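Here is what each chain is made of, one letter per residue.
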Amino acid sequence: STQVRLAQRPVGEPGDDTYDIGPVDLPALADGQLLLRVVYLSLDPYMRGRMSDAPSYAAPVAVGDVMEGGTVVVVEESRHPEWSAGDVALSYSGWQTHAISDGTGLRRLDPSRAPISTALGVLGMPGFTAYAGLLEIGKPQAGETVVVAAATGPVGSAVGQVAQARGARSVGIAGGEAKRAALTEEFGFDVALDHRSPDFAAELAAAVPDGIDVYFENVGGPVTREVLRHVNTYARIPVCGLVSSYNATSAPEGPDRLPGFMGLVLRKSLTVRGFIQNEFTASHGRDFVREMSGWVADGTVRYREDVVQGLESAPEAFRGLLTGKNFGKLVVQVSED
Ligand code: NDP
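Residues numbered from 1 in each chain as written. Predicted model: local features only at pLDDT ≥ 70, side-chain atom pairs only at ≥ 80, totals over all residues.

**So, the UniProt feature "domain: Enoyl reductase (ER)" (unreviewed entry) in the protein**
What counts here: UniProt positions are given in the numbering used here, feature names are shortened, and annotations may be inferred rather than shown by experiment. Starting at the N terminus, helices and strands are each numbered in turn, a helix being any DSSP run of H or I of at least four residues and a strand any DSSP run of E of at least two.
UniProt annotation of "domain: Enoyl reductase (ER)" (unreviewed entry) refers to residues 15-332 when read in the numbering used here. Helix makes up 29% of residues 15-332 and strand makes up 23%, while its end C-alpha atoms are separated by 18 Å.

**Re helix 3 (residues 154-165)**
Short version of the rule: Given the number of residues in a helix, its expected span is that number minus one, multiplied by 1.5 Å. Burial is judged by counting other C-beta atoms within 10 Å of a residue's own C-beta: 20 or more means buried, 12 or fewer means exposed, and anything between counts as partly exposed, with every C-beta placed from the backbone. This entry defines residue contacts through backbone-placed C-beta atoms, with two residues in contact when those atoms are within 7 Å.
Between its terminal C-alpha atoms helix 3 stretches 16 Å, which fits the 16 Å expected from 12 residues at 1.5 Å a residue. In terms of burial, helix 3 is largely enclosed, as 10 of its 12 residues are buried. Along helix 3, the residues classified as buried are Pro-154, Val-155, Gly-156, Ser-157, Ala-158, Val-159, Gly-160, Gln-161, Val-162 and Ala-163. If you follow the buried residues of helix 3, they end up packed against helix 2 (125-138), strand 8 (145-149), strand 9 (169-174), strand 11 (212-216) and strand 15 (329-333). Two residues or fewer after helix 3 comes Gly-167, characterised by a positive phi angle close to 90°.

**A look at the pairing of strand 13 (residues 271-274)**
Cut-off, in case you're wondering: Pairing between two strands requires that DSSP report at least two bridges joining them.
Summarising the sheet, strand 12 (residues 231-239) and strand 13 pair through four bridges and their orientation is parallel. Bridge pairing in strand 13 places Arg-236 opposite Thr-271.

**Examining the domain arrangement of the protein**
How large an interface is tends to be reported as the accessible area lost when its parts come together. Definition in use: Note that the domain bounds reflect an automated or database-derived domain assignment. Amino acids outside the nonpolar list (Ala, Val, Leu, Ile, Met, Phe, Trp, Tyr, Cys, Pro) and the charged list (Asp, Glu, Lys, Arg) are all regarded as polar, and Gly is one of them.
Considered domain by domain, the protein is made up of domain 1 (2-121 + 303-333) and domain 2 (128-281 + 289-295). A C-alpha centroid distance of 28 Å is found between domain 1 and domain 2. With 15 residues of domain 1 in contact, the opposing surface of domain 2 contributes 13 residues. When the residues that make up the side of domain 1 that touches domain 2 are grouped by side-chain class, the tally is seven nonpolar, four polar and four charged.

**Some remarks on the pairing of strand 8**
Convention followed: Seen with the strands pointing away from the viewer, any crossover whose path from the first strand over the helix to the second strand runs clockwise is right-handed.
A large share of strand 8 lies buried, amounting to five of its five residues. Residues Thr-145, Val-147 and Ala-149 of strand 8 are buried on one face, and the alternating residues Val-146 and Val-148, pointing to the opposite face, are buried as well. Each parallel crossover has a hand, and for strand 8 linked through helix 3 to strand 9 it is right-handed. Note: strand 8 against strand 11, three bridges, orientation parallel. Residue pairing in the sheet places Val-147 in a bridge with Tyr-215 of strand 11.

If you want it as structure tokens, here you go:
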């Protein structure tokens, strides 16, 4: 197997020296074990947190360990009664080409139902994050205005489309003209904005004449500052991620904005609620699988994937994820499917 291990904890953007890439010999299979070959490795923003030992909701990857990550795998060899060679599964085998498993945590995938990569995106963790966070915390109502940034990514694109399926008006924000165009043309957002436009503030104001009822927070930073100017009384803000600051090494310049923000929460009776998607697995997991698979199958929810080739591409692709170079759900094709 080839592995990508965490060589040291990065400061700021994770450079090549963050990783140590090399081969490792896997032992022969024991009874009850499986040899997994990774087909797709998911790259997700949360991985920046796992590289760091700052306080978080999950323990960091230990220096020297294989980087964590969701994968779609094929069983190459099995000495496990429930699995056969050729079976396809969702796994959490991390940044490596092969792994040995005892079957724990593997979820069987049916390749005839949906492309297997979707188990890492629209029909997997990011799609679930959008679905549960939006419906449980955002509670979009028909006719309301829902705003989301990083809107061509797997979370943002699903947020906008699920909001529309509930009868709300969706405003998507993305970086650059190609992504902005895709928001309306590919994903069917009602309005699309480019946060890099010099007129972003005015364009946002024009896009939300009735104010904002739900702001699904993916990014933080200057985008959020502008969005907050337009929130309505009783607006809901599911706080899902703050990707603009994941590589930050110091607090942003400028005045302390916390009193102003708390004043806004008070005056507008806002609901601001952070969440980690897995808290909703028990309550929303089944509905998600049923509803989202139906929407993907009938075209109500469309998705886009950005596939990079080869495990050795993962470090560069991951840097791009935190700076907006990816266009759609970022996955690494580690081997042929
Ligand atoms: P994306 O594929 O959307 O990738 C991240 C995107 O963030 C980039 O493509 C870029 O899009 C945007 N971005 C990066 N830097 C900035 C910036 N400075 N300002 C504005 N936008 C920026 O990722 P995901 O869909 O996987 O994740 C979206 C968010 O959801 C992340 O914050 C992630 O951490 C969070 N998340 C939270 C979970 C939870 O349980 N709470 C679970 C899963 C994800 P663009 O070029 O359009 O600006």
